[in-house]
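# Structural features, examined
Letter by letter, the chains look like this.
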Amino acid sequence: SQQGEEDPQALSIQEGENATMNCSYKTSINNLQWYRQNSGRGLVHLILIRSNEREKHSGRLRVTLDTSKKSSSLLITASRAADTASYFCATDNAGNMLTFGGGTRLMVKP
Amino acid sequence: SQTIHQWPATLVQPVGSPLSLECTVEGTSNPNLYWYRQAAGRGLQLLFYSVGIGQISSEVPQNLSASRPQDRQFILSSKKLLLSDSGFYLCAWSVGSSAVYGYTFGSGTRLTVV
């Protein structure tokens, strides 16, 4: 079953704009991770935020985590056409596996 | 450096035929290994995971099975494929739990059952 649910399911923006994707989950977590998937390819790990962290940055990526609301957001600043991909959140519930959401399909138009 | 190999990249198989997908990891020891399936435009569904040789945990009862005959080899199999087995199959590995480095995924196998 899916733990995380991304919102929106699809997002289309112009190059240079910021893209924000949200993820909600249901149970307590150890950490939450964001992955990127180019069409027809495997997933690539982007960033991990632990349950005791509220915000994390990596280059043009900014992730926030609100454990009281069981939600996270991924912000991509100054988007580029190359950022076009699907983005997935995944939660680590202290087991041996990650549970992935349904993803947000991001299209960045040149 | 660690690498993960998954093959074949694409596969078209008739209904009722057997299946064998292989995944191997290089550059690490005793990885956790995972098989996921992704339907078109959807999220990932965990099928199997393994924390060691011969240890397989199944998340979803289905027409598939998995085996780990060697430390860094993970095989997904079926004796008789169904149309519903079509999808994008992804192998992944992690060092212990995902807490530190996350998962590293293979490039996937696109399976079409006809």
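Higher on the page you've got the structure.
My aim in this report is to walk through the structure given alongside it, one point at a time. (Residues numbered from 1 in each chain as written. Chains lettered and ligands numbered in written order. Predicted model: local features only at pLDDT ≥ 70, side-chain atom pairs only at ≥ 80, totals over all residues. Heavy atoms only, no water.)

### Observations regarding the pattern of salt bridges
- In total, this model carries six salt bridges over all chains according to the counting rule given.
- Across the pair E55 of chain A and R62 of chain A runs a salt bridge whose closest N-O atoms are separated by 3.1 Å.
- With a relative accessible area of 39%, E55 of chain A lands in the partly exposed category.
- Here D85 of chain B and R37 of chain B are joined by a salt bridge, their closest N and O atoms 3.8 Å apart. (Salt bridge = Lys/Arg side-chain N within 4 Å of Asp/Glu carboxyl O. Buried < 20%, exposed > 50% of the residue type's maximum accessible area, 1.4 Å probe, protein only.)

### Points about the sheet that holds strand β7 (residues 61-66) of chain A
All names here are of chain A.
- With antiparallel pairing, five strands are arranged side by side in an open sheet as β1-β3-β8-β7-β6. Bordering the open sheet on either side are β1 (5-7) and β6 (55-58), each of which pairs with just one other strand. The mean inter-strand angle of the sheet, taken between neighbouring strand axes irrespective of direction, is 20°.
- Bridge count between β1 and strand β3 (residues 19-24): three bridges; the pairing is antiparallel. Within β3, the position partnered with E5 by the bridge is S24. (Pairing = 2+ DSSP bridges. Helix = DSSP H or I, 4+ residues; strand = E, 2+ residues; numbered from the N terminus. Axes fitted to C-alpha atoms, helices over the stretch in contact; angles between N-to-C directions.)

### Notes on the interface of chain A and chain B
- With 22 residues of chain A at the interface, the matching set in chain B holds 25 residues.
- Roughly 1,600 Å² of surface becomes buried between chain A and chain B when both sides are summed, with 51% attributable to carbon and sulfur atoms.
- Taken together, chain A and chain B are joined by zero salt bridges.
- Inspection of the region where chain A meets chain B yields four residue pairs in polar contact (both at pLDDT 80 or more).
- Mapped by element, the contributors of at least two residues to the side of chain A that touches chain B are β4 (31-37), β5 (43-50), β9 (85-92) and β10 (98-100) of chain A.
- Here the side of chain A that touches chain B is built from residues that sort into seven nonpolar, eleven polar and four charged. (Contact = heavy atoms within 4.5 Å. Buried area = accessible area lost by both parts, 1.4 Å probe. Polar contact = N/O pair within 3.5 Å; in protein donor to acceptor, adjacent residues only side chain to side chain. Nonpolar A, V, L, I, M, F, W, Y, C, P; charged D, E, K, R; others polar.)

### Thoughts on the sheet that holds strand β8 (residues 73-78) of chain B
All names here are of chain B.
- Spatial strand order, β1-β3-β8-β7: four strands in an open sheet with antiparallel pairing. Each having just a single partner strand, β1 (3-7) and β7 (65-70) make up the two edges of the open sheet. Strand after strand, the sheet turns through a mean of 20° between neighbouring axes, direction not considered.
- Here four bridges tie β7 to β8, and the two strands are oriented antiparallel to one another. Its bridge partner lying in β8, S67 is registered against I75.

### Regarding the side chain of D85 of chain B
Residue and element names in this part refer to chain B.
- Within the fold, D85 resides in the loop between β8 and β9 (87-94).
- Relative accessible area serves as the criterion here: at 3%, D85 is assigned to the buried category.
- A distance of 2.9 Å separates polar atoms of two side chains, one belonging to D85 and the other to N63.
- One polar contact links the side chain of D85 to the main-chain amide nitrogen of L82, over a distance of 2.8 Å.
- Apart from the residues within four sequence positions on either side, D85 is in contact with R37, N63, L64, K80, L111 and V113.

By themselves these figures say nothing about function.
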